[in-house]
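Below, each chain spelled out in residue letters.
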Amino acid sequence: SVSPGSMELHERRVNALASLKRWAELGNHCERLAAEIVKTDGIFTDDLAPLNPFPDLKVATSLKPDFFDKKPDNAADPVALRLLSAKAVCEAVMRLPNEIVPLYLRSLRLEERY
(Lines give C-alpha, C1' and ligand atoms only; values in the text may rest on other atoms or scores of the structure.)
Protein backbone atom coordinates (compact mmCIF):
# COMPACT_ATOMS: atom_id res chain seq x y z
CA SER A 1 0.00 0.00 0.00
CA VAL A 2 1.22 3.49 -0.86
CA SER A 3 0.25 6.84 0.60
CA PRO A 4 -2.34 8.22 -1.82
CA GLY A 5 -0.99 11.76 -1.70
CA SER A 6 2.68 11.00 -2.19
CA MET A 7 3.47 10.95 -5.90
CA GLU A 8 7.12 10.28 -5.06
CA LEU A 9 6.15 6.98 -3.43
CA HIS A 10 3.96 6.06 -6.40
CA GLU A 11 6.86 6.83 -8.71
CA ARG A 12 9.17 4.63 -6.63
CA ARG A 13 6.68 1.77 -6.72
CA VAL A 14 6.28 2.06 -10.48
CA ASN A 15 10.07 2.08 -10.93
CA ALA A 16 10.38 -0.98 -8.69
CA LEU A 17 7.69 -2.86 -10.63
CA ALA A 18 9.42 -1.93 -13.90
CA SER A 19 12.78 -3.18 -12.65
CA LEU A 20 11.10 -6.47 -11.69
CA LYS A 21 9.42 -6.56 -15.13
CA ARG A 22 5.98 -6.91 -13.57
CA TRP A 23 4.25 -4.99 -16.34
CA ALA A 24 0.68 -6.10 -15.71
CA GLU A 25 0.89 -5.07 -12.06
CA LEU A 26 2.53 -1.78 -13.04
CA GLY A 27 -0.29 -1.00 -15.45
CA ASN A 28 -2.90 -1.91 -12.87
CA HIS A 29 -1.25 0.32 -10.27
CA CYS A 30 -1.15 3.28 -12.67
CA GLU A 31 -4.79 2.81 -13.63
CA ARG A 32 -5.85 2.60 -9.99
CA LEU A 33 -3.86 5.77 -9.26
CA ALA A 34 -5.55 7.59 -12.14
CA ALA A 35 -8.98 6.42 -10.92
CA GLU A 36 -8.16 7.80 -7.46
CA ILE A 37 -7.11 11.12 -9.00
CA VAL A 38 -10.41 11.30 -10.91
CA LYS A 39 -12.20 11.42 -7.54
CA THR A 40 -10.89 14.99 -7.16
CA ASP A 41 -12.19 16.16 -10.56
CA GLY A 42 -14.33 19.25 -10.21
CA ILE A 43 -13.53 20.09 -6.58
CA PHE A 44 -10.85 22.69 -7.35
CA THR A 45 -13.13 25.66 -7.99
CA ASP A 46 -13.24 29.24 -6.81
CA ASP A 47 -10.62 29.75 -4.08
CA LEU A 48 -9.12 26.25 -4.63
CA ALA A 49 -8.48 26.82 -8.36
CA PRO A 50 -4.80 27.75 -7.87
CA LEU A 51 -4.21 24.37 -6.17
CA ASN A 52 -5.57 22.31 -9.07
CA PRO A 53 -2.82 19.91 -10.19
CA PHE A 54 -4.48 19.53 -13.63
CA PRO A 55 -5.94 22.96 -14.45
CA ASP A 56 -6.41 22.36 -18.17
CA LEU A 57 -8.19 19.00 -17.97
CA LYS A 58 -11.90 18.51 -18.27
CA VAL A 59 -13.78 16.29 -15.87
CA ALA A 60 -13.27 12.65 -16.85
CA THR A 61 -16.15 11.02 -18.68
CA SER A 62 -14.78 7.58 -19.54
CA LEU A 63 -12.55 6.92 -16.52
CA LYS A 64 -14.85 6.33 -13.57
CA PRO A 65 -13.54 6.81 -10.02
CA ASP A 66 -15.30 3.66 -8.81
CA PHE A 67 -14.10 1.42 -11.67
CA PHE A 68 -11.83 -0.60 -9.39
CA ASP A 69 -14.14 -0.70 -6.37
CA LYS A 70 -15.18 -4.18 -5.32
CA LYS A 71 -18.74 -5.11 -6.18
CA PRO A 72 -19.94 -7.70 -3.65
CA ASP A 73 -22.82 -8.86 -5.85
CA ASN A 74 -20.48 -9.95 -8.67
CA ALA A 75 -17.77 -12.32 -7.44
CA ALA A 76 -17.05 -13.45 -11.02
CA ASP A 77 -15.55 -10.03 -11.84
CA PRO A 78 -12.17 -9.83 -10.05
CA VAL A 79 -10.90 -6.29 -9.59
CA ALA A 80 -7.33 -7.21 -10.56
CA LEU A 81 -8.43 -8.39 -14.01
CA ARG A 82 -10.47 -5.34 -14.99
CA LEU A 83 -9.14 -3.45 -18.02
CA LEU A 84 -9.84 0.14 -18.95
CA SER A 85 -11.30 1.06 -22.31
CA ALA A 86 -9.14 2.96 -24.80
CA LYS A 87 -10.86 6.25 -23.93
CA ALA A 88 -10.40 5.64 -20.21
CA VAL A 89 -6.70 4.90 -20.78
CA CYS A 90 -6.36 8.27 -22.54
CA GLU A 91 -7.90 10.01 -19.57
CA ALA A 92 -5.68 8.02 -17.19
CA VAL A 93 -2.51 9.08 -19.06
CA MET A 94 -3.50 12.74 -18.78
CA ARG A 95 -3.81 12.42 -15.00
CA LEU A 96 -0.62 10.51 -14.22
CA PRO A 97 2.60 12.28 -13.20
CA ASN A 98 4.98 12.80 -16.14
CA GLU A 99 7.63 10.59 -14.55
CA ILE A 100 5.27 7.58 -14.54
CA VAL A 101 3.72 7.94 -18.01
CA PRO A 102 6.56 6.37 -20.08
CA LEU A 103 6.58 3.23 -17.94
CA TYR A 104 2.79 3.00 -18.01
CA LEU A 105 2.77 3.28 -21.80
CA ARG A 106 5.48 0.63 -21.99
CA SER A 107 3.39 -1.69 -19.82
CA LEU A 108 0.43 -1.21 -22.16
CA ARG A 109 2.62 -2.06 -25.15
CA LEU A 110 4.22 -5.09 -23.54
CA GLU A 111 0.89 -6.43 -22.36
CA GLU A 112 -0.40 -5.88 -25.92
CA ARG A 113 -3.45 -4.05 -24.68
CA TYR A 114 -3.54 -1.12 -27.12
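Further up the page is the structure itself.
Summarised in this report is the structure supplied together with it.

Rules of the game
- Residues numbered from 1 in each chain as written.
- Predicted model: local features only at pLDDT ≥ 70, side-chain atom pairs only at ≥ 80, totals over all residues.
- Heavy atoms only, no water.
- Axes fitted to C-alpha atoms, helices over the stretch in contact; angles between N-to-C directions.
- Helix = DSSP H or I, 4+ residues; strand = E, 2+ residues; numbered from the N terminus.
- Parallel < 35°, antiparallel > 145°, perpendicular 65-115°, else oblique.
- Left-handed = near helix turned anticlockwise from the far one by under 90°.
- Contact = heavy atoms within 4.5 Å.
- Nonpolar A, V, L, I, M, F, W, Y, C, P; charged D, E, K, R; others polar.
- Buried < 20%, exposed > 50% of the residue type's maximum accessible area, 1.4 Å probe, protein only.
- Lys, Arg positive; Asp, Glu negative; His and termini not counted.
- Salt bridge = Lys/Arg side-chain N within 4 Å of Asp/Glu carboxyl O.
- Polar contact = N/O pair within 3.5 Å; in protein donor to acceptor, adjacent residues only side chain to side chain.

### Structural notes on the packing of helix α1 (residues 7–19) against helix α2 (residues 23–38)
Thinking step 1. Closest axis-to-axis distance for the α1/α2 pair is 8 Å, and the angle between their directions is 160 degrees. As summarised for this structure, α1 and α2 are arranged roughly antiparallel, according to the angle between their axes. The chirality of how α1 crosses α2 is left-handed. Side by side, α1 and α2 meet where Met7, His10, Arg13, Val14, Leu17 and Ala18 of the first sit next to Trp23, Glu25, Leu26, His29, Cys30, Leu33 and Ile37 of the second.

### A word on the packing of helix α3 (residues 86–95) against helix α4 (residues 101–110)
Thinking step 1. Interhelical geometry of α3 versus α4 gives an angle of 155 degrees and a closest axis separation of 10 Å. Between α3 and α4, the interaxial angle falls into the category roughly antiparallel. With respect to the hand of their crossing, α3 and α4 are arranged in right-handed fashion. Contacts from Val89, Ala92 and Val93 in α3 reach Val101, Tyr104, Leu105 and Leu108 in α4.
Thinking step 2. Considering only residue class, the contact of α3 with α4 consists of seven nonpolar, no polar and no charged.

### Some thoughts on the side chain of Glu91
Thinking step 1. Position of Glu91 relative to the elements: it lies in helix α3.
Thinking step 2. Of the buried charged residues, Glu91 lacks a salt bridge, with Arg95 as the closest side chain of opposite charge at 5.2 Å.
Thinking step 3. Of note is the side chain of Glu91, whose polar atom sits 2.7 Å from the backbone nitrogen of Leu63.
Thinking step 4. When near neighbours in sequence (up to four residues on either side) are disregarded, Glu91 contacts Ala60, Thr61, Ser62 and Leu63.

### Comments concerning the pattern of salt bridges
Thinking step 1. With the rule as written, the count across this model stands at five salt bridges.
Thinking step 2. Among the ionic pairs, Glu8 bridges to Arg12, the shortest N-O distance being 3.1 Å. Remark: Arg12 and Glu8 occur in helix α1; sequence separation between them is four residues, near one turn of the helix.
Thinking step 3. What makes Glu8 partly exposed here is its relative accessible area of 49%.
Thinking step 4. The partner of Arg22 in a salt bridge is Glu25, with the nearest N and O atoms 2.4 Å apart.
Thinking step 5. On the basis of relative accessible area, Arg22 is assigned to the partly exposed category, the value being 41%.
Thinking step 6. Among the charged side chains, a salt-bridge network with shared partners connects Arg13, Arg22 and Glu25.

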